[in-house]
Amino acid sequence: MDFLHKLNLSFRQKLPVLRQTQAAECGLTCVGMIAGYFGHHIDMVSLRHRFPTSLKGSTLSDVMSVAQNMGMSCRAVRLELDEMDKLRLPCILHWDLNHFVVLKSIKGNKAIIHDPARGVRNVPTVEVSRSFTGVALELYPAASFEQKDEKKNISMLRLIRNVSGIGSAFMQVALLSLALEFFGIISPFYMQWVIDQVLVSSDRDLLALLGLAFISITLFQNIISALRSWVTTWFSSLLSVQWSSNLCTHLLGLPLSYFEERHVGDILSRFGSISTIQSTLTGRFISSIFDGVMSLVTLAVIFTYSSSLTFIVIALFLIYALIRWVSFEPFRQANEDQLMASAIAQSQLLESIRGVQAIKLNNKQELRVSTFANETVESTNKGITTQKLSIGFNTLQSIISGVGKIVLIWLAASQVLDGNFTSGMLIAFISFSDQFISRSAGLINALIEFKMLRLHGERISDIVLTEKEQDMESRMVLPKDHGAIKLDIRNLSFSYSKTDTAIFTDFNLSIKADESVAIIGPSGQGKTTLAKLLLGLLKPDSGTLCVNDIEHVKLGLTHYRDLIGSVMQSDILFAGSIMDNISFFDADLDRHHVENVARIAQIHEDIMAMPMGYNSMVGDMGSSLSGGQVQRVILARALYRKPRILILDEATSHLDVARESAINAAIKHMAITRIIIAHRPETILSADRIIQISRNSVTEIPKNDFIRLVNASHPVL
C-alpha cells in the first residue's frame, strides 16, 4: 500500500456538505468539502476570506490553485462516463459547463453528488450523462496538508451582547420560572395526601385545609405564569427590535461587493434567521435550564418511592435521548436543505418582480412561472422530508412513552398489591415520573433546538463575520471653504480578484479644482469601475486617491463621500415623494434648496406640472416617472448635497440634446470639480478635458482631434 493511499485512509472522514452563498464560488465550495473530508474543517466565511473569488466564476486552474494552497495535490483528468468508477473519490466534476460539484460515490445507476448550489443529490446516470462535461479533478492530501478546524463560529453571547435591558429581563423570567417549577413539584402531593390521609381518616377539616391551600397554589401558579408570559413577550420584542436593528446596521455597513455577489433572496433568508434564534432563546432557553435542574429534583423524589421503578423511568428517558441523538443529523440536514431551497425560490420571485417589464416584453411569463414553480416544488419537497422525519420521530416517541407508562403503572400497581405502596403513593409516583420524563424530554428537545440554532447561526455568520467597510473615520479634516477641490489618482491598480485580469495597472490622472473631465473609452474598459473606485465603493489593490494632496483614506470614507455627489447607471429612487428623494429624506429639509437643484437638473417644470408637485409619489423605484425624469431627480439629489466633486456615469443618457445642454451649462457655472463618463459626443464636448482610458493606457485627446475622430466615425467611445 503506497504512502498516499495510507495517508488517504488515515485522514478519511465524513464528506461534509457546504453551500455556496455567492453565485460564482462553486469551485471554492467543492474544495472546502473535500478538505473537510480529509480533516481540514473550514467554513465558507473563512474560505472566502482566504481565497476571494471572481464574480465571473473560476476556471479549473483557479480551483487547482486553491486546493494546492490548502495543502492538497491535484490531478485533472478527462474521461468518459463509463470510466467514472476509476476515479479517486471524492473528486470534483465539471458540471453543465458552468458549475462544479463533488462526486461522493457511485451506487448502481445513481451518483451521489454534493452540489454546492442544491445540497446532496442522488443523480441518475441519464442526468449525469447530460451534465458531466468529461473533466474531473482528483484531490488528495499532500505532505503539507494539515488536519485542523478553521471554522469561525458565532456564539449566541456575541449576538446578544449589545442588547440593552437583557440582564434584568433574564433575571425576571428566571425568578418567575423558578417559582413555577416549585409549584409544579408540590402539586402531586395533593392527590397523595387526599387519598392516604383524608380518605383513610375521614378528616373533613384536613380536606378543606388541603383544598384551600392548593386552590391558593393554583391561583399563584397561574398569575405567575401570566406574568412570565408577559415578561417573555416584552423580552422577545426587545430582543427582536434591537437584534434586527444591530444586524441591519452591520449589513448596510458591508462593502458594496457583498451585495453584488449574492442574491437578494438569500440575504433576506439569512436575515430572517434572527427571528428563529430570538424565539428559541426567549421561549426555551430559561425554561430548559430549570427543566434540567428540576428533573434531577423529581428524579430524587421518585427514587425515595422505589429505586427499581426509578431505573425503569431512567431507561425510558435514555431511549428517548438516543432516538433524538440518532435523528439529529438527518433532521438538521433536512432543515438546511429546506432553508436553502426556500431562499432560492424567494430569489427567483424577487428577480421576476424586479424584471417584470423585460419578462412581459419577451413573453417569458410562462418560463418564469415554471422556474418559480420548480423551485417552490423543490422547497416543498425538502419541507415534506423534514415533516416525514418529524412525524416518524414523534410517532416512535409516543409509542415508547405510551407503552412505558402502561408498564410503569402495571409494575407500580403490583407494588400496591404487595403492600409496598399506598394508592396515594402510586398516583404521586406516576405524576412525578411523568414530570421527570416531560422535563427531561423538554431539556433534550431544548438542547437539540439550541444545537439546531447553529445552522441559523452559520447563516447569520455570513453577515456578522463579514468585515465592514474600513477607513470610515477621519484622521484629517479638509478645510471647509465649500469650493471645488483637486483630485489626483496616483499609481492605482485594481482587479476584482486575484484570478481576474487587472482592470487598472499604475493608473495616473490629475484633475484640477473646478475642472470638468470627460472619461471616454469603449465599453468594458473600466469606466464604471473607475467611478466606483473614485467613490470609495471599491478598494484599490495599490495606489492612492488624493483630495487636495490628502489621501482619501485619511479623510475617512464617511467624510470623503460627503464631498462627492454622484449619478450612477444603477442608481434608483426610493418609495416616497419627489421631495423626499431629492433631499434623500433629509431630517432638516431645505425646500428652497430642493427647488433650486431641481431647476439646475431641469426637472422643476415637470414636477410642477404634476397634481401634487414636489409631494408627488415616485412609485416603486421611480416607476411613476419616465427614464429621463428619474435621471434628473437623481441628478438633483446629487446636487442637493452641495458636493465639491460631481461624478456622472451616463447621467444624461435618457435626455434630449437640448435639455442635456441646459443641464451642462448650469452645472458648468457651479464651483464643482466634475468627472463625466459618457458616450454622447455633446456631453463629452461640454468638458474641459477629454481622457480616453483602456486597461493599458490613459490618453488625453484634444477637443479638435476628438471632433475629427467623431466625424470620421472612429470607435473612441
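Predicted model only: the values in this text are computed from it and were never measured. (Residues numbered from 1 in each chain as written. Predicted model: local features only at pLDDT ≥ 70, side-chain atom pairs only at ≥ 80, totals over all residues. Heavy atoms only, no water.)

## Re the overall build of the protein
Helix and strand content of the protein: 25 helices and 18 strands. For 717 residues, the compact-globule estimate of 2.2 N^0.38 gives 27 Å, and the C-alpha radius of gyration of the protein, at 34 Å, exceeds that figure by more than 25%. Along the first, second and third principal axes, the C-alpha set of the protein runs to 115 × 75 × 50 Å. Out of the 717 residues belonging to the protein, those deemed buried represent 48%. Long-range contacts, defined here as pairs at least 24 residues apart, represent 75% of the contacts in the protein between residues at least 6 apart. Summing over all exposed atoms, the protein offers an accessible surface of approximately 35300 Å²; the carbon and sulfur share of this is 58%. Averaging the coordinates of the 67 positive side-chain charges in the protein and doing the same for the 66 negative ones gives two points 2 Å apart. (Helix = DSSP H or I, 4+ residues; strand = E, 2+ residues; numbered from the N terminus. Rg over C-alpha atoms; globule rule 2.2 N^0.38 Å. Buried < 20%, exposed > 50% of the residue type's maximum accessible area, 1.4 Å probe, protein only. Contact = heavy atoms within 4.5 Å. Areas by Shrake-Rupley, 256 points an atom, 1.4 Å probe, with all protein chains shown as cover. Lys, Arg positive; Asp, Glu negative; His and termini not counted. Charge placed at Lys NZ, Arg CZ, Asp CG, Glu CD.)

## With respect to the packing of aromatic side chains
Each aromatic ring pair is summarised here by two numbers: the centre-to-centre distance and the angle between the ring planes. By the definition in use, this model includes 10 aromatic pairs. With a centroid separation of 6.5 Å and an interplanar angle of 85°, the aromatic rings of Phe38 and Phe145 are classed as edge-to-face. Placement of the pair is Phe38 in the loop between helix H2 (26-37) and strand S1 (40-41) and Phe145 in the loop between strand S7 (132-141) and strand S8 (148-149), with a sequence separation of 107 residues. The class of Phe38 is buried, set by a relative accessible area of 1%. By relative accessible area, Phe145 is classed as buried at 7%. Measuring from ring centre to ring centre gives 5.3 Å for Phe574 and Phe584, while their planes differ by 45°; the resulting arrangement is tilted. Here the residue Phe574 occupies a position in the loop between strand S14 (564-567) and helix H19 (578-583), and Phe584 occupies one in the loop between H19 and helix H20 (591-600), the gap between them amounting to 10 residues. Owing to a relative accessible area of 36%, Phe574 belongs among the partly exposed residues under this scheme. Given a relative accessible area of 44%, Phe584 falls into the partly exposed group. Here a set of aromatic residues connected by ring pairs shows up, and it is made of Tyr37, Phe38 and Phe145. In this structure, Arg88 packs its charged tip against the face of Tyr140, placed 4.6 Å from the ring centre. (Phe/Tyr/Trp six-rings, centres within 6.5 Å; stacked < 30°, edge-to-face > 60°. Lys NZ or Arg CZ within 6 Å of the ring centre and 35° of its normal.)

## So, the sheet that holds strand S17 (residues 689-693)
Reading across the sheet, the 6 strands line up as S14-S15-S16-S11-S17-S18 and stay open at both edges, with mixed pairing between neighbours. Two strands close off the open sheet at either side, each with one partner strand: S14 and strand S18 (698-700). Recorded for the sheet is a direction-independent mean angle of 20° between the axes of neighbouring strands. Judged from the 3 bridges that link them, S17 and S18 form a sheet pairing that is antiparallel. Note that in S18 the partner of Ile691 across the bridge is Glu700. Docked against the sheet, helix H16 (residues 527-534) engages strand S11 (516-520), S14, strand S15 (645-649), strand S16 (673-677) and S17, running at close to 150° with respect to S16. Helix H22 (residues 627-640) rests against S14 and S15 of the sheet, and its axis sits at about 175° to S14. (Pairing = 2+ DSSP bridges. Axes fitted to C-alpha atoms, helices over the stretch in contact; angles between N-to-C directions.)

## Focus on the environment of Ser131
The residue Ser131 is located in helix H5 (residues 125-131) in this model. Linking Ser131 and Met612, residues 481 residues apart in sequence, is a C-alpha distance of 57 Å. Setting aside residues no more than four positions away along its own chain, Ser131 makes contact with His94, Trp95 and Asp96.

## Quick word on the sheet that holds strand S13 (residues 550-551)
Read from one edge of the open sheet, 4 strands run S10-S9-S12-S13, paired in antiparallel fashion. Unpaired on one side and paired on the other, strand S10 (504-511) and S13 mark the two borders of the sheet. Bridge count between strand S12 (residues 542-547) and S13: 2 bridges; the pairing is antiparallel. What sits directly across from Val547, in S13, is Ile550.

## Section: the pattern of salt bridges
Using the criterion set out here, one finds 21 salt bridges in the structure. One salt bridge in this structure joins Glu378 and Lys382, with 3.7 Å as the shortest N-O distance. A residue pair is termed a helical-turn pair when its members lie 3 or 4 positions apart in one helix, as Glu378 and Lys382 do in helix H14 (residues 365-417) at 4 residues. For Glu378, a relative accessible area of 22% gives the class partly exposed. For Arg632, the salt bridge is made with Asp606, and the minimal N-O distance between the two is 3.2 Å. (Salt bridge = Lys/Arg side-chain N within 4 Å of Asp/Glu carboxyl O.)

## Thoughts on unusual backbone geometry
Note that the residue after Leu89, namely Pro90, is joined by a cis bond; omega there is -5°. Topologically, Pro90 is positioned in the loop between strand S2 (72-78) and strand S3 (91-95). Even without a glycine there, the phi angle at Leu97 is positive, about 70°. If you check the backbone angles, Asp514 has positive phi at about 70° while not being a glycine. One can find Asp514 in the loop between S10 and S11.

## Some points on the confidence of the model for the protein
Averaged over all residues, the pLDDT of the protein equals 81, while 92% of them reach at least 70. The low-confidence segment residues 1-12, where pLDDT is below 50, has 16 contacts with residues more than four positions distant or belonging to other chains. (pLDDT = per-residue confidence, 0-100.)

## Observations concerning the pairing of S12
Sheet analysis places strand S9 (residues 487-494) next to S12, joined by 5 bridges and oriented antiparallel. For Arg490, the partnering residue across the bridge sits in S12 and is Thr544. Where S12 folds back onto S13 in an antiparallel hairpin, the turn is made up of 2 residues, including Asn548, whose phi is positive at roughly 50°.

## Here's the deal with the environment of His99
When you line up the elements, His99 lands in strand S4 (residues 99-107). Take His99: its relative accessible area is 12%, and that puts it in the buried class. A sequence separation of 40 residues divides His99 from Thr59, and the C-alpha atoms of the two residues are 9.8 Å apart. Apart from residues no more than four positions distant in its own chain, His99 is found in contact with Gln20, Cys26, Leu93, His94, Asp115, Pro116 and Ala117. At 2.8 Å, the side chain of His99 forms a polar contact with the side chain of Asp115. (Polar contact = N/O pair within 3.5 Å; in protein donor to acceptor, adjacent residues only side chain to side chain.)

## Section: the packing of helix H12 (residues 307-354) against H14
H14 packs onto H12 with a crossing angle of 170° between their chain directions and a minimal axis gap of 9 Å. Here H14 runs roughly antiparallel to H12, going by the angle between their axes. Of the residues belonging to the contact of H12 with H14, the class tally is 22 nonpolar, 17 polar and 7 charged. (Parallel < 35°, antiparallel > 145°, perpendicular 65-115°, else oblique. Nonpolar A, V, L, I, M, F, W, Y, C, P; charged D, E, K, R; others polar.)

## Here we look at the nonpolar core
Ile582, Tyr614 and Leu635 are the most contacted members of the largest nonpolar core, which totals 40 residues. Elements represented by at least two residues in this core include exactly S11, H19, H20, H22, S15 and helix H23 (657-668). In terms of residue count, H22 provides more of this core than any other element does, 8 residues in total. When near neighbours in sequence (up to four residues on either side) are disregarded, Ile582 contacts Val594, Val597, Ala598, Ile607, Tyr614, Val633, Ala636, Arg637 and Tyr640. (Core = buried A, V, L, I, M, F, W, Y, C linked by side-chain atoms within 4.5 Å.)

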